[in-house]
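# Commentary on secondary and tertiary structure
What follows is the residue order along each chain.
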Amino acid sequence: MSALRRDARRNRELLMEAAHEVFAEQGLQAPLDVIARRAGVGNATLYRHFPTRAALIDAVFHDQLTGTMTAGAQARSAPDAWTGLTAYLEAVFTTLAADRGTNDLMTTRLDGVDTLQEVHAHNRETVELLLRRGQEEGTVRDDVAVEDVLFTLAALGRAVPSLTGAATPDAWRRPLCLFLSGLHTARTVQPLPGQALTSDELADVLQDLGPHRMG
């Protein structure tokens, strides 16, 4: 490999590392020149490797996104729908809690990120299949549609970074458990994990979710 090719490969690696750090801190709308500076290269080098923001995002988050599809495939082969659904959503929310960049990516729509479109389609298929199986098995209420679940998951998932920042890293488990309890047909109520937010923690979450959030 020539020195030029080695330099190009190293620059690409530096850009991806820097992008992951900056996106994790500031979300997917972080300025690209900040990423270039952190990588120690110029803007021209960044655009030579990644002509668009979408191309950079696709490269940075490809492995995490495909990991979500792997979790979905495993959930589909679970012995029963409820086990598969709960395991899948726990895997998804663990990914959502990883950083703001991943959360932004998975809870919104973003054109041009091919892997993301595959993930959204696979996610819908997984949830729809498990819901239908759960309704056939008598564990999921009959009046729930896949859009009900996807909307609620997106809204709850969007709040995960603020929630974990104000409370504990696994604070998302409590509202997810509460949501799952509403899906199940059983009348036996399962104890909620963790602790409820304090008034101050709730105030911090709502402030971070506000339109004045700076990234």
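Conventions and cut-offs
Residues numbered from 1 in each chain as written. Predicted model: local features only at pLDDT ≥ 70, side-chain atom pairs only at ≥ 80, totals over all residues. Heavy atoms only, no water. Helix = DSSP H or I, 4+ residues; strand = E, 2+ residues; numbered from the N terminus. Buried < 20%, exposed > 50% of the residue type's maximum accessible area, 1.4 Å probe, protein only. Contact = heavy atoms within 4.5 Å. Core = buried A, V, L, I, M, F, W, Y, C linked by side-chain atoms within 4.5 Å. Patch = residues over 30% accessible without salt bridge, like charges linked within 9 Å, V, L, I, M, F, W, Y side chains within 5 Å. Areas by Shrake-Rupley, 256 points an atom, 1.4 Å probe, with all protein chains shown as cover. Salt bridge = Lys/Arg side-chain N within 4 Å of Asp/Glu carboxyl O. Axes fitted to C-alpha atoms, helices over the stretch in contact; angles between N-to-C directions. Parallel < 35°, antiparallel > 145°, perpendicular 65-115°, else oblique. Left-handed = near helix turned anticlockwise from the far one by under 90°. Nonpolar A, V, L, I, M, F, W, Y, C, P; charged D, E, K, R; others polar. pLDDT = per-residue confidence, 0-100. Polar contact = N/O pair within 3.5 Å; in protein donor to acceptor, adjacent residues only side chain to side chain.

This part takes up the environment of Phe 61. You can see Phe 61 is positioned in helix 4 (residues 53-76). Since its relative accessible area comes to 1%, Phe 61 is described here as buried. Sequence separation between Phe 61 and Asn 123 is 62 residues, and the spatial gap between their C-alpha atoms is 16 Å. Aside from chain neighbours lying at most four places away, what touches Phe 61 is His 20, Phe 23, Leu 28, Asp 99, Gly 101, Thr 102 and Leu 105.

Our next topic: the nonpolar core. Side chains of a nonpolar character, in soluble globular proteins, are inclined to be buried together. Counting residues in each nonpolar core, the largest one holds 55 residues, and the members touching the most others are Phe 23, Ile 35, Phe 93 and Leu 176. Looking at this core element by element, the count peaks at nine residues for helix 4.

Below, the discussion takes up a nonpolar patch on the surface. A contiguous nonpolar surface patch, about 330 Å² in accessible area, is contributed by Leu 197, Leu 202, Leu 206 and Leu 209. Summarising the element assignment, Leu 206 is placed in helix 11 (residues 199-208). Residue Leu 206 is classed as exposed on the basis of its relative accessible area, which comes to 54%.

Within the fold, His 184 resides in the loop between helix 10 (173-183) and helix 11. When the C-alpha atoms of His 184 and Asp 142 are compared, they prove to be 9.7 Å apart, with 42 residues separating the residues in sequence. Leave out the neighbours within four places in its chain, and His 184 touches Trp 82 and Thr 139.

On to the packing of helix 7 (residues 114-137) against helix 8 (residues 146-158). For the pair helix 7 and helix 8, interaxial distance at closest approach is 10 Å and the crossing angle is 125 degrees. In terms of orientation, helix 7 and helix 8 fall into the oblique class. Crossing hand, helix 7 versus helix 8: right-handed. The segment helix 7 lies against helix 8, with Asn 123, Arg 124, Val 127, Glu 128 and Leu 131 engaging Val 146, Glu 147, Val 149 and Leu 150. Its residues assigned to classes, the contact of helix 7 with helix 8 shows five nonpolar, one polar and three charged.

Below, the discussion takes up the confidence of the model for the protein. Taken over all residues, the pLDDT of the protein has a mean of 89, while the share at 70 or more is 94%. The weakest mean pLDDT in the protein belongs to helix 6 (residues 100-107) at 84; the strongest belongs to helix 2 (residues 32-39) at 96.

Quick look at the packing of helix 5 (residues 81-96) against helix 8 now. Direction vectors running N to C along helix 5 and helix 8 enclose 35 degrees, while the axes themselves pass 10 Å from each other. For the pair helix 5 and helix 8, the sense of crossing is right-handed. The segment helix 5 lies against helix 8, with Leu 89, Phe 93 and Leu 96 engaging Leu 153, Leu 156 and Gly 157. Of the residues that constitute the contact of helix 5 with helix 8, the class distribution is five nonpolar, one polar and no charged.

Following the criterion strictly, the structure yields eleven salt bridges and no others. Where Glu 25 meets Arg 38, a salt bridge forms, and the shortest distance between an N and an O atom there is 3.0 Å. Taken as a pair, Glu 25 in helix 1 (residues 3-26) and Arg 38 in helix 2 lie far apart in primary sequence, 13 residues in all. Taking relative accessible area as the criterion, Glu 25 reaches 43% and is therefore assigned partly exposed. The closest approach of N and O atoms between Arg 124 and Glu 147, which form a salt bridge, is 2.7 Å. Pair noted here: Arg 124 is in helix 7 and Glu 147 is in helix 8, with a separation of 23 residues, a long-range link. Taken together, the shared-partner salt bridges connect Arg 9, Arg 10 and Glu 13 into one network.

With that settled, the discussion passes to the environment of Arg 158. Here Arg 158 lies in helix 8. C-alpha of Arg 158 to C-alpha of Tyr 88: the two residues are 70 residues apart in sequence and 17 Å apart in space. Residues contacting Arg 158, with those up to four places away along its chain left out, are Asn 103, Asp 104, Thr 107, Thr 108 and Leu 209. One polar contact links Arg 158 to Thr 107, side chain to side chain, over a distance of 3.2 Å.

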